[in-house]
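Structural features, examined
In case you want the letters, here they are:
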Amino acid sequence: MTTGAQETVDTCDLCHGKDLVAFATQVGKTTGLTFTFVQCTSCGLKFIGRRLTAERNLALYDESYFRGAGFDAAVNYVMMEDNGDLRRGENEGIIGKIRVLKGESLELRILDVGCGTGSLLRALRDHGYTNLSGVELSAFAANFARQATGANVATGDLLSAPLGAARFAVINATEVIEHLREPSAFFPRVRELLAPGGVFIYSTGNASGPYARLLGPRWPYFHPEGHLVYYRPETLTRYFRRAGLDVFVPTREQRAELLRCEDAITNSQLLYMGASEPGTKGTVFRLGARVTKRVGLRAATLFQGKCFLPLGVRR
Ligand SMILES: [Zn+2]
C-alpha cells in the first residue's frame, strides 16, 4: 500500500514470509514522517515495514546528505575528504582485509560499491592499486570521486550501472547494504560481478551484536529513512547462500589479522561519527574514540559486533 511519500512492505525480502511483527516506531529526522520497524517471524530479518517510496528514498542522497545535513549526520563525507585522518583507519582496515583475503598484488580488480566521495578509492590508489572502479548512486558524489581519484566511477546502482564485462577480485561495500530496498536482487549481482575466488567485503551494523542488544530500539543504527534492513550473521549467510556465495572461512591467523583490521575500522568510525554528530551523541562517540584508542579497542570491536558478520566468496 502506498500513500504519498510512504509505502508498506508486507513480505519479507529474504524468506517471503508474511508474518511480520512491529517492534518499534520512529519519527524520521528529515521527513517528520513516522516509520515502523518490523521483524519477520520466520527468518528473523529486521527491516522498515513502513518506508519511503523509491522516489523519496532516492531523493535523500543529494549533495546535502554527503555534507552531513541529511538523515545521517555521520555521513559528512565532504568534510572527511578535507580531513583525511578521520577515515584513515577505516581505509587501512579495509585494505588490510583485502591483503589478508587476496594477497599483495596491486593489480587486483577492485570495485567499491557506494563509493561516496571516493575516500577508499583514493587510499587504494595511494597504496599503488591500479585497477579501481566505483559505483555511486549520487551524481554529486560520483563526480567528486571521479575527479578526486581518477578511478572508473559509474553513476547509478549496482544493478543497472555500466560496469563492463570484466569480473572483480574484490567487491567492497562500506555501510551500504543496510540502505538496500531489495537485498535479494543485490547479492546475486555481486556474485555475477565477482571472478571465481573473488571476495565480497563490507561493513554494516550487526543487529544481534551486544551493542544492538543492549540498546534495543534505541540502537543509534536505527535510521528508518535510509537504513532499511538490519542484518544478523544468520540472515546474511542465508542471503549469500541463496545468491550462490559461500561464507569465507578464515584460518586462525587470518581471523586474528581480520580482527586487527576491524579494530582500525571501529576506531575510525567512532572518530568520524564523533566529528560529525552534534550534541550528546557526538560527545559520546568522541569520548569512545579516545578511550578505545588507549585501552579497549578490541572490546569496542567485539561490542559493536560487526566482526561477527560473515564475508562472502565466490566459488
Ligand atoms: Zn523472513
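It should be noted that the structure appears before, not after, this text.
Let me sum up the structure you'll find in this document. As the structure is a computational prediction, the values presented were derived from the model and not from experiment. (Residues numbered from 1 in each chain as written. Predicted model: local features only at pLDDT ≥ 70, side-chain atom pairs only at ≥ 80, totals over all residues.)

Moving on: the environment of T149. Mapped onto the fold, T149 is located in helix α6 (residues 139-149). Between the C-alpha atoms of T149 and S160, which are 11 residues apart in sequence, the distance is 22 Å. Residue contacts for T149: discarding those within four places in its chain leaves G118, L121, R122 and R125. (Helix = DSSP H or I, 4+ residues; strand = E, 2+ residues; numbered from the N terminus. Contact = placed C-beta atoms within 7 Å.)

Another point: the sheet that holds strand β6 (residues 110-113). Taken in spatial order, the 7 strands line up as β8-β7-β6-β9-β10-β13-β12 in an open sheet, and their pairing is mixed. Of all the strands in the sheet, the pair left with one neighbour each is β8 (152-155) and β12 (245-247). For this sheet, the mean inter-axis angle between neighbouring strands, taken without regard to orientation, is 20°. Summarising the sheet, β6 and strand β7 (residues 132-136) pair through 4 bridges and their orientation is parallel. Along β7, the bridge assignment pairs D112 with G134. Relative to strand β9 (residues 168-174), helix α4 (residues 85-102) is tilted by about 150°, and along the sheet it contacts β9 and β10 (194-203). (Pairing = 2+ DSSP bridges. Axes fitted to C-alpha atoms, helices over the stretch in contact; angles between N-to-C directions.)

Turning our eyes to something else, we now look at unusual backbone geometry. Excluding glycine, residues mostly have negative phi values, and the peptide bonds linking residues are mostly trans. Positive phi, normally seen in glycine, also occurs at H16, with a value near 65°. Within the fold, H16 resides in the loop between β2 (6-8) and β3 (20-27). Residue classification places H16 among the exposed positions, given that 11 C-beta atoms sit within 10 Å. At E175, a position not held by glycine, the phi torsion is positive, near 50°. Structurally, the position occupied by E175 is in the loop between β9 and α7 (183-193). According to the C-beta neighbour criterion, E175 is buried, with 20 such atoms within 10 Å. (Buried ≥ 20, exposed ≤ 12 C-beta atoms within 10 Å, placed from the backbone.)

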